[in-house]
Amino acid sequence: MSAVVSKIREPLITGGKSYHDITEDLCSPTESVPNATWIFAFVASVGLLTVGLFCIFWTIWFGIGAWNLNRTIGWGWDITNFVWWIGIGHAGTLISAILLLFRQKWRTGVNRAAEAMTIFAVMCAGLFPALHTGRPWFDFFMFPYPNSRGPLWVNFNSPLLWDLFAISTYFTVSLLFWYTGLVPDFATVRDRATGLRKKIYNFLSFGWTGSAKHWQRWEYLSLVLAGLATPLVLSVHTIVSFDFATSVIPGWHTTIFPPYFVAGAVFSGFAMVLTLMIMTRKILSLEDYITIEHIESMNKVILCTGSIVGVAYLTELFVAWYSGYVYEQFAFYNRAAGIYWWSYFGMMACNVISPQIFWIKKFRRNIFITFFMSIFINIGMWFERFVIIATTLARDYLPSSWSYYYPTWVEMGIYIGTFGLFFVLFLLFTRVAPVVAIAEVKSILKTGGDQYVGKNATHAHHHAASHDHGHDSHDDHHAH
Amino acid sequence: MNNQFTFEGKQRTTLIGFIILGAICLGLSFLDNTVPYHMRFWSNFLHNTVFFTGISFISLFVLAAFTTAYGGWYVVMKRVWEAYSQFLIVGLLLMLVIIAGVWGHFHHLYHWAADGITDPNSPAYDPILAGKAGFLNKYWYTFGTIGFIGMWYFVFAVPMRRISVAEDTEGTTDFEHHERYRKFSAFFLPIAAFSSAAMIWQWVMSIDSHWYSTMFAWYSTASWFVSALALTIMTIIWLKSKGYYEQVTDEHIHDLGKLLFAFSVFWTYLWFSQFMLIWYANIGEETIYFKERVTNYPVLWYGNLVMNFVLPFLILMRNSTKRKYGTLILCCLLTFFGHWWDFFMMIKPGAKINADHAYHAAHSAGGDHGHAAHGVQGFVSGFTLPGFLEIGIFLGFLALFLYVVLGQLAKASLVPKNDPYLGESLHHHV
């Protein structure tokens, strides 16, 4: 990375941190006793998880009839929640892989937590199709292993099977990516620890010594994984969209689905990262590492992906009219003005209209508004999936089969339970691993620390020099 | 370092020579009436106009996107894209010819523009097109084209260029020029997203007037983007060979090469998504578009994938090929021609069907829509494959494009001297 930094860039690490300060600040949450806020949050999350476990038990005991799925609406909350969680899982790999390839330095403040979030979100997502099979103990049938089931074989033509491969691959690569980043940081924690703790962290860091060879291989592996993860992050939601778009159902079969699902996934993923990071930076006092500048950058990604989603919604609407195909036209009329109009309205309001306030810099840099918006977007993206799934199925080709779907308490309970699972895992993560990537933040200190760049830089000669460099050609030109 | 490009007389003469060649080829293609209503001429004219106008548009889009994203690395060569964006006005003038043809019925590029299409009492009545008439009509076509290209050019391309050039002489350390440039950029992005989609539907998708695909606008925009990148790399390497742009190093070229690789794959992603979903669902109204191309234009069809995906993917995969000018230029030639070929395939088959259809409708007494014999259609020069005339026209339009671009490049320094990110760009390394 270039050491020359433009004068108009804002610092990404504030508080004039030294390398030692960074180690201290980022390791301390793993070394201290949790505070009351954390304990309260943990207990509450375990409570939600318990609700979820009870409802899962109920579903398995009484069968899938405990859900309100019916003849026409075979997919309800389960698949809505599945797609929603998978979407949230997109931000982590986007930040770690694509932003790494684009050399965005601000990723270092949030990548670790976002990757962790990805892994937990994919776990929550996986739960729904697993339960939807009704007999989860037979779920291994979904894998095309050499079997003793005779001619029974998985359907390779089905996008649902492709989905299984896409998501399990994605989960594996995300996990590897996350863990690779953690290795040097675990070593840092180990070096400060004693006794059994030291042994555990030594094991977790694979005996990392920080030799030049270790770093070289580590960097190489990071790049290879980034290269693999970039097409993967696109493929996962692409294939989720294929679940719908390969069908002949009006409103589902549309060619824009793949890129539009990916954009929507990134959109919701960033919203969830913001929700989590705004809380985490407060509770763990990480305001110097996850700065307003980070929040503003993420808000810009949200504005961009939100608007892409908006363009896609309007494209769909327009082409439904343009197609001259009455069923397609009805499907969209039904979405906007049918029985589930409120969910279409919620989707438009939360995903397209309200994020437009981020055109204004003041709002992008306002933590309260950002937090509020991030929740809003998560609701909106949930509505989007509900609109696509339930609205369409409730009004299919055969009016005699038309029905209205609403969830039972069991379905709601499982959804609530996934929040419990997600937050339990995330809260545990904040205690055992550095929430911000220590080694990666250190790598940008000289080009992102506020003592080096920005208005209040004290090491002024550094950027003054860079500014002069910028004028080399300028002076040359005057000499002509 | 020499940062002031001079557009030499010899270069002008060469380019004018090619423009004349293009004009002659265009004229000759008018005489070929194998496909009725001079369709070879009209489809060539539309094809090249849309292709080069699109490159100009997408260059402005790239500038706006990079500026909004706080990009720094590209700044040293941003004048090339600024110059590209100035071609928009020529694109608009060229589109006026097509528009005149829509009003005067000089061509049958668009079946929706034919007389009586929306009139239930006319033998030409087409209920589907009557349903689309709110969008597919000559007013929309005319005012959309003039309004949107005009807006891209007058409201964005010209002021952005003016601010950027003014920054060279009046730039301050407060970077207020850059601030203004950034505002234009941010506003351009959403406007460009909507308006380009609307115009692509009008210009290209409506040739196959019954067919529709929600992906189409994004797909063809990606095609423009890859062509613009390929042409940019070739322009910069040419300028370097003339002794300009010493500051543009292998590091910059490497990054442009990476973008070429990445967006070739992205284009393929969109291609695959559009094709696979239509193939899988197998709805007749949608598959007919691909059926026509796979059956009657197999060389175009497979060549498209080979030139725009297989070869650039394999060649640009290695790091070193993105830093060697030889292989990089080979890939740029492939993808630049390849995406021109892609637009050829988007336009030509539909245009031929429209002309044949109109001819049969006019020459069969009972108003019976004369269907061409089923089976594979024979070789039709200028349609089945680009012929020599098409190559000549392509070179002519390219020369016209370069003539405008080089003229613009000569008007200002090649390096934006007071851009706040120039320092980063000059010290860029991968």
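What this report covers is the structure whose coordinates are included nearby.

About the thresholds
- Residues numbered from 1 in each chain as written.
- Chains lettered and ligands numbered in written order.
- Predicted model: local features only at pLDDT ≥ 70, side-chain atom pairs only at ≥ 80, totals over all residues.
- Heavy atoms only, no water.
- Helix = DSSP H or I, 4+ residues; strand = E, 2+ residues; numbered from the N terminus.
- Rg over C-alpha atoms; globule rule 2.2 N^0.38 Å.
- Buried < 20%, exposed > 50% of the residue type's maximum accessible area, 1.4 Å probe, protein only.
- Contact = heavy atoms within 4.5 Å.
- Areas by Shrake-Rupley, 256 points an atom, 1.4 Å probe, with all protein chains shown as cover.
- Lys, Arg positive; Asp, Glu negative; His and termini not counted.
- Charge placed at Lys NZ, Arg CZ, Asp CG, Glu CD.
- Phe/Tyr/Trp six-rings, centres within 6.5 Å; stacked < 30°, edge-to-face > 60°.
- Lys NZ or Arg CZ within 6 Å of the ring centre and 35° of its normal.
- Expected span 1.5 Å × (residues − 1).
- Buried area = accessible area lost by both parts, 1.4 Å probe.
- Salt bridge = Lys/Arg side-chain N within 4 Å of Asp/Glu carboxyl O.
- Polar contact = N/O pair within 3.5 Å; in protein donor to acceptor, adjacent residues only side chain to side chain.
- Bend = angle between axes of the 7 residues up to and from the residue.
- Core = buried A, V, L, I, M, F, W, Y, C linked by side-chain atoms within 4.5 Å.
- Axes fitted to C-alpha atoms, helices over the stretch in contact; angles between N-to-C directions.
- Parallel < 35°, antiparallel > 145°, perpendicular 65-115°, else oblique.
- Left-handed = near helix turned anticlockwise from the far one by under 90°.
- Nonpolar A, V, L, I, M, F, W, Y, C, P; charged D, E, K, R; others polar.
- Disulfide = S-S within 2.5 Å.
- Patch = residues over 30% accessible without salt bridge, like charges linked within 9 Å, V, L, I, M, F, W, Y side chains within 5 Å.

1. Focus: the overall build of chain A
Right, on to step 1. A count of helices and strands for chain A gives 19 helices and 0 strands.
Right, on to step 2. Here the C-alpha atoms of chain A give a radius of gyration of 24 Å, agreeing with the 23 Å that 2.2 N^0.38 yields for 480 residues.
Right, on to step 3. Judged by the C-alpha coordinates and their principal axes, chain A covers about 80 × 65 × 45 Å.
Right, on to step 4. Here chain A holds 480 residues, and the buried ones make up 56% of them.
Right, on to step 5. Considering only intrachain contacts with a sequence separation of at least 6, the fraction spanning at least 24 residues in chain A is 81%.
Right, on to step 6. Approximately 19,900 Å² of chain A is accessible, and the part contributed by carbon and sulfur atoms is 71%.
Right, on to step 7. Computing the positive centroid from 31 side-chain charges and the negative centroid from 28, chain A places the two 4 Å apart.

2. Quick word on the overall build of chain B
Right, on to step 1. Each helix and strand counted, chain B has 14 helices and 0 strands in total.
Right, on to step 2. Reading chain B from its N end, one meets helices and strands in the order α-α-α-α-α-α-α-α-α-α-α-α-α-α.
Right, on to step 3. Counting across all 430 residues of chain B, residues that qualify as buried make up 60%.
Right, on to step 4. Taken as a whole, chain B presents about 15,800 Å² of accessible surface, with 69% of it coming from carbon and sulfur.
Right, on to step 5. Counting 25 positive and 26 negative side-chain charges, chain B places the centres of these two groups 7 Å from one another.

3. Regarding the packing of aromatic side chains
Note on aromatic pairs: each is described by the distance of the centres and the angle between the planes.
Residue and element names in this part refer to chain B.
Right, on to step 1. Per the counting criterion, the structure on display carries 114 aromatic pairs over all chains.
Right, on to step 2. Aromatic side chains Tyr289 and Phe290 sit 5.3 Å apart centroid to centroid with 90° between the ring planes, which places their arrangement in the edge-to-face category. Each member of the pair, Tyr289 as well as Phe290, is classed as buried.
Right, on to step 3. Between Lys322 and the ring centre of Phe261, over which it is positioned, the NZ or CZ distance is 5.4 Å.

4. Quick word on helix α9 (residues 257-283) of chain A
Residues and elements named next belong to chain A.
Right, on to step 1. The terminal C-alpha atoms of α9 lie 39 Å apart, and with 27 residues this matches the ideal 39 Å at 1.5 Å per residue to within 8%.
Right, on to step 2. Of all the 27 residues making up α9, 24 are buried; the element is thus mostly covered by neighbouring parts of the structure.
Right, on to step 3. Immediately beyond the C-terminal end of α9, within one or two residues, lies Ser285, with a positive phi of roughly 50°.

5. Looking at the interface of chain A and chain B
Right, on to step 1. Across the contact, 53 residues belong to chain A and 55 residues belong to chain B.
Right, on to step 2. Overall, the association of chain A and chain B removes approximately 4,800 Å² of surface from exposure, summing both partners, and the carbon and sulfur fraction of that is 66%.
Right, on to step 3. Connecting chain A to chain B are 2 salt bridges.
Right, on to step 4. Across the salt bridge formed by Asp255 of chain B and Arg103 of chain A, the nearest N and O atoms sit 2.3 Å from each other.
Right, on to step 5. For the pair chain A and chain B, the interface holds 15 residue pairs in polar contact (both at pLDDT 80 or more).
Right, on to step 6. Elements supplying a minimum of two residues to the side of chain A that touches chain B: α6 (159-192), α8 (212-245), α9, α10 (292-323), α18 (460-470) and α19 (472-479) of chain A.
Right, on to step 7. Among the elements that line the side of chain A that touches chain B, the one with the most residues is α10 of chain A, at 13 residues.

6. Details of the pattern of salt bridges
Right, on to step 1. Counted by the stated rule, this structure contains 27 salt bridges over all chains.
Right, on to step 2. Between Arg190 of chain A and Asp191 of chain A there is a salt bridge, with its nearest N and O atoms 2.9 Å apart.
Right, on to step 3. Relative accessible area serves as the criterion here: at 9%, Arg190 of chain A is assigned to the buried category.
Right, on to step 4. Classification of Asp191 of chain A as exposed rests on a relative accessible area of 51%.
Right, on to step 5. Arg323 of chain B is the salt-bridge partner of Glu251 of chain B, the closest N and O atoms lying 2.8 Å from each other.

7. Concerning α6 of chain A
All names here are of chain A.
Right, on to step 1. With 34 residues, α6 should reach 50 Å at 1.5 Å per residue; the first-to-last C-alpha distance of 49 Å fits that figure.
Right, on to step 2. Remark: the principal bend of α6, roughly 35°, maps to Val183, with a proline, Pro184, within the next four residues.
Right, on to step 3. The opening residue of α6, the one whose side-chain oxygen lies 3.0 Å from the backbone nitrogen of Leu160, is Ser158.

8. Observations regarding the nonpolar core
Right, on to step 1. Trp85 of chain A together with Tyr110 and Trp203 of chain B are the most contacted members of the largest nonpolar core, which has 271 residues in total.
Right, on to step 2. Excluding anything up to four places from it in sequence, Trp85 of chain A contacts Ala121, Cys124, Ala125, Phe128, Met272, Tyr415, Thr418, Phe419 and Phe422 of chain A.

9. Concerning the environment of Leu127 of chain A
Residues and elements named next belong to chain A.
Right, on to step 1. Mapped onto the elements, Leu127 comes out in helix α5 (residues 107-132).
Right, on to step 2. For Leu127, a relative accessible area of 25% corresponds to the partly exposed category.
Right, on to step 3. For the pair Leu127 and Lys361, spaced 234 residues apart in sequence, the C-alpha to C-alpha distance is 39 Å.
Right, on to step 4. In this view, Leu127 contacts Ile56 and Thr418; residues no more than four positions away in its chain are not counted.

10. Regarding unusual backbone geometry
Right, on to step 1. A positive phi angle is found at Ser285 of chain A, which is not glycine, with a value near 50°.
Right, on to step 2. As for its position among the elements, Ser285 of chain A is in the loop between α9 and α10.
Right, on to step 3. Its identity is not glycine, yet Tyr37 of chain B carries a phi of approximately 60°, on the positive side.
Right, on to step 4. Residue position: Tyr37 of chain B is located in the loop between α1 (9-31) and α2 (39-68).
Right, on to step 5. Taking the relative accessible area as the measure of exposure, Tyr37 of chain B reaches 24% and is therefore partly exposed.

11. Considering the side chain of Thr392 of chain A
Right, on to step 1. With respect to the helices, strands and loops of the structure, Thr392 of chain A is situated in helix α14 (residues 367-394).
Right, on to step 2. Beyond its immediate sequence surroundings of up to four residues, Thr392 of chain A is in contact with Ile249, Pro250, Trp252, Arg335 and Val387 of chain A.

12. Observations regarding the packing of α6 of chain A against α8 of chain A
The description of two helices packed together rests on the angle between their axes and the distance between the axes.
Residue and element names in this part refer to chain A.
Right, on to step 1. For the pair α6 and α8, interaxial distance at closest approach is 8 Å and the crossing angle is 155°. Relative to α8, the element α6 is oriented roughly antiparallel. Like other packed secondary-structure pairs, α6 and α8 cross with a definite hand, here left-handed.
Right, on to step 2. Of the residues belonging to the contact of α6 with α8, the class tally is 22 nonpolar, 4 polar and 2 charged.

13. A look at the state of the cysteines
Each disulfide consists of a covalent bond between the sulfur atoms of two cysteine residues.
Residue and element names in this part refer to chain B.
Right, on to step 1. Counted by the stated rule, this structure contains 0 disulfides over all chains.
Right, on to step 2. No disulfide involves Cys331; its sulfur sits 7.0 Å from that of Cys332, the nearest cysteine.
Right, on to step 3. Look at Cys331 and you get buried, because its relative accessible area is 0%.

14. Re a nonpolar patch on the surface
All names here are of chain A.
Right, on to step 1. A surface patch of nonpolar side chains, about 560 Å² in accessible area, is lined by Ile60, Trp137, Phe138, Phe140, Phe141 and Leu152.
Right, on to step 2. Inspection of the secondary structure puts Leu152 in the loop between α5 and α6.
Right, on to step 3. The class of Leu152 is partly exposed, set by a relative accessible area of 47%.

15. Here's the deal with the packing of helix α6 (residues 138-170) of chain B against helix α7 (residues 176-203) of chain B
Residues and elements named next belong to chain B.
Right, on to step 1. Contact geometry of α6 with α7 gives a least axis separation of 10 Å together with a crossing angle of 160°. With respect to α7, the element α6 is oriented roughly antiparallel. When you trace α6 past α7, the crossing you get is left-handed.

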